[in-house]
Amino acid sequence: MGLLIKNGTIVSSTAEYQADLLIEDEKIKEIAVNIPEGDHEVVDAAGKYIFPGGVDEHVHMGPFDSYGFETSHAALVGGTTTIVDFAPQDQGDTVINSFHRHKDEKAKGIASPDFSFHGMVMDTSEALLDEIPKMVENGIVNLKFFMAYNGTPFHVEDDLIFKAMQICKDYGITPWVHCENGDMIEVLKEEAVKNGVTKPIGHYLSSPPTVEDEAVQRLIYLAKLADCPVFIVHNTTEGACENIKRAQDQGQPVYGETCTHYLTIDTSFLEKENFEGAKWVCGPAIRPKEHLEAVWKAVKDGTLMGIGSDHAACVGGFEKAKKRGIDDFTKIPNGVPGMQDRLNMVWTQGVEKGRINRQDFVRLCMENPAKVCGIYPQKGALLPGSDADVLIWDPNYEGTISVENSYEGTDYNTFEGFPQKGIADKVFLRGHLMAERGKLVGEKGQGQYVKPQPYTVCYSNYHQKKAE
């Protein structure tokens with residue numbers, strides 16, 4: 001006996017059509033019109049859309065003093081069935097060892113959605129270069145570097161990024177890079193403090209769009225010289241998107257994403273009274289409104305491939321974490337929660353407002369994230385043989401986003417008070433019902449590790465270019 005979903009409208013990145021979907025043994029068995037009910041359990045999806053389960057390519061479950069996998073069921077409640085975390089390198093240890101420790105000790109048996117990982121460089125000796133050839137067999141196909149955060153373990157100098165790129169390309173590993181000019185930020189931060197700036201808006205003033213624009217272009221030059229594909233994370237500015245588009249038009253394999261809050265939150269939020277603006281302090285900084293519209297354009301035209309959450313819910317939330325910087329904006333911890341409401345916000349602010357269509361929604365929130373993470377078509381697709389991660393979406397729901405309905409483990413919601421149109425009516429993880437209309441109904445800790453494959457979609461144009 002299987003699970004048969006009938007009467008819904010199936011939506012892919014290229015089409016939508018009426019069909020039934022049969023699930024057996026945690027996989028999609030068949031998609032066809034009028035599949036006989038037999039003795040299958042039947043779910044009626046009339047009037048609703050059927051999407052692949054959401055794939056969030058960018059979450060932080062622990063490394064930034066944020067809540068860990070014990071709160072990952074929040075993703076399921078919002079319709080996301082797979083999250084891809086960054087496994088931070090422990091000081092004095094290798095990326096590979098740290099990756100396995102993070103996976104086996106912090107995720108297995110605790111994660112509720114299925115999960116995968118990117119490697120994250122945080123100990124910048126050249127021993128890294130000897131590790132890269134062994135990464136793929138250990139499950140690392142994307143490797144994260146930070147150009148910002150000078151003076152911390154996160155910061156990686158350009159020369160090491162460049163040397164790593166020269167090796168990564170031989171093994172199908174994609175460098176993922178946080179692009180901000182750390183030197184500029186440190187100077188501007190010192191100037192802001194000297195000028196008496198203490199409030200959260202100081203975070204934006206010391207991290208203006210130029211620091212991102214410059215670093216994105218610099219990375220593009222490094223990648224071109226190394227002849228390596230590259231993926232640029234959480235793009236927030238018009239200039240960054242223009243730099244990426246120009247490189248793409250010249251045939252360079254440069255890819256990128258943005259995140260939900262960079263499409264919906266602007267700098268006016270940082271200026272809210274009573275220190276409320278600290279809730280939206282994150283890296284890169286929140287931008288003025290004109291940049292939001294430019295980033296929407298970039299996700300629509302394909303310049304940016306995906307929309308992640310960059311979820312990082314600070315332990316202690318607003319009251320006990322963010323308020324540490326109440327007299328000094330430089331002490332406000334970075335990070336915003338967001339994995340639960342990613343799809344709600346993209347649908348409401350994107351699809352419902354005509355910025356993107358339903359096919360774009362699947363492309364940006366399910367299919368492309370799976371492709372850039374090396375887990376497609378196991379994830380991010382409704383195809384025979386794919387995991388039965390199915391999201392039944394009710395477009396008629398109307399409500400308001402609030403921390404009162406949050407499962408993210410923190411005391412505030414990044415999108416508090418925003419309207420919500422549409423809801424994850426039923427969320428199936430490998431055929432098992434896990435969430436229903438904003439409530440968790442399945443058992444926590446059921447997530448399984450998904451091992452990614454190298455040579456992700458970021459290598460597609462690279463190989464075509466090399467062949468020419």
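Since we're looking at a predicted model, the values are computed, not measured. (Residues numbered from 1 in each chain as written. Predicted model: local features only at pLDDT ≥ 70, side-chain atom pairs only at ≥ 80, totals over all residues. Heavy atoms only, no water.)

Caption draft 1: Region of interest: the packing of helix α12 (residues 342-351) against helix α13 (residues 358-372). Here α12 crosses α13 at 150°, and the two axes come no closer than 11 Å. Here α12 runs over α13; the crossing is right-handed. Between α12 and α13, the residues in contact are R342, L343, V346, W347 and V351 and R358, F361, C365 and M366, respectively. Classifying every residue of the contact of α12 with α13 by side-chain character gives 7 nonpolar, no polar and 2 charged. (Axes fitted to C-alpha atoms, helices over the stretch in contact; angles between N-to-C directions. Helix = DSSP H or I, 4+ residues; strand = E, 2+ residues; numbered from the N terminus. Left-handed = near helix turned anticlockwise from the far one by under 90°. Contact = heavy atoms within 4.5 Å. Nonpolar A, V, L, I, M, F, W, Y, C, P; charged D, E, K, R; others polar.)

Caption draft 2: Spotlight on the layout of surface pockets. Considering only enclosed or pocket space, the largest pocket measures out at about 670 Å³ in volume. What lines the largest pocket is a set of 37 residues, among which Y149, H203, G283, P333 and N334 lie closest to the centre. Contributing elements (two or more residues each) for the lining of the largest pocket: β11 (142-146) and α5 (182-194). In terms of residues, the lining of the largest pocket owes the most to one element, α5, which gives 4 residues. Class assignment for the residues of the lining of the largest pocket results in 14 nonpolar, 15 polar and 8 charged. In this structure, the second largest pocket occupies an estimated 220 Å³ of space. Forming the walls of the second largest pocket are 17 residues, and the residues nearest its centre are Q340, N405, Q420, I423 and G438. Elements with a contribution of two residues or more to the lining of the second largest pocket: β16 (390-400) and β17 (419-429). If you tally residues by element for the lining of the second largest pocket, the top one is β17, at 3 residues. A class-by-class count of the residues in the lining of the second largest pocket yields 5 nonpolar, 9 polar and 3 charged. (1 Å grid on protein atoms, 1.4 Å probe; cavity = no way out; pocket = protein on both sides within 12 Å on 5 of 7 lines; lining within 4 Å. Points joined across faces, edges and corners; volume = space filled by probe spheres on them.)

Caption draft 3: Quick peek at the sheet that holds strand β10 (residues 114-120). Judged by pairing direction, the sheet is parallel, and its 8 strands sit side by side in the order β8-β9-β10-β11-β12-β13-β14-β15 without closing on themselves. The open sheet has two edge strands, β8 (54-59) and β15 (306-308), and neither has a second partner. Shown here is a sheet whose adjacent strand axes are inclined to one another by a mean of 30°, direction ignored. Inspection of the sheet shows strand β12 (residues 174-178) paired to strand β13 (residues 230-232) by 2 bridges, in the parallel sense. By the bridge assignment, V177 is partnered in β13 with I232. Those strands touched by α12 are β8, β9 (80-88) and β15, and its axis lies near 110° from that of β8. (Pairing = 2+ DSSP bridges.)

Caption draft 4: View of the pattern of salt bridges. Under the defined criterion, the tally for this structure stands at 30 salt bridges. Of the charged contacts, one joins D56 and R342 as a salt bridge, the two residues approaching to 3.8 Å between their closest N and O atoms. With D56 in strand β8 and R342 in helix α12, this pair connects stretches of sequence that are 286 residues apart. No difference in accessibility class separates D56 from R342, as the two residues are buried. Across the pair E186 and K189 runs a salt bridge, and its minimum N-O distance is 3.6 Å. (Salt bridge = Lys/Arg side-chain N within 4 Å of Asp/Glu carboxyl O. Buried < 20%, exposed > 50% of the residue type's maximum accessible area, 1.4 Å probe, protein only.)

Caption draft 5: Here's a closer look at unusual backbone geometry. With an omega of -5°, the peptide bond running from G283 to P284 counts as cis. Relative to the helices and strands, P284 resides in the loop between α9 (261-264) and α10 (289-300). A cis amide bond links Y376 to the next residue, P377, at an omega of 5°. Take P377: it is sitting in the loop between α13 and β16. Within the chain, D227 stands out as a residue other than glycine whose phi angle is a positive 55°. In this structure, D227 sits in the loop between α7 (209-226) and β13. In this structure, D310 takes a positive phi of about 50° despite not being glycine.

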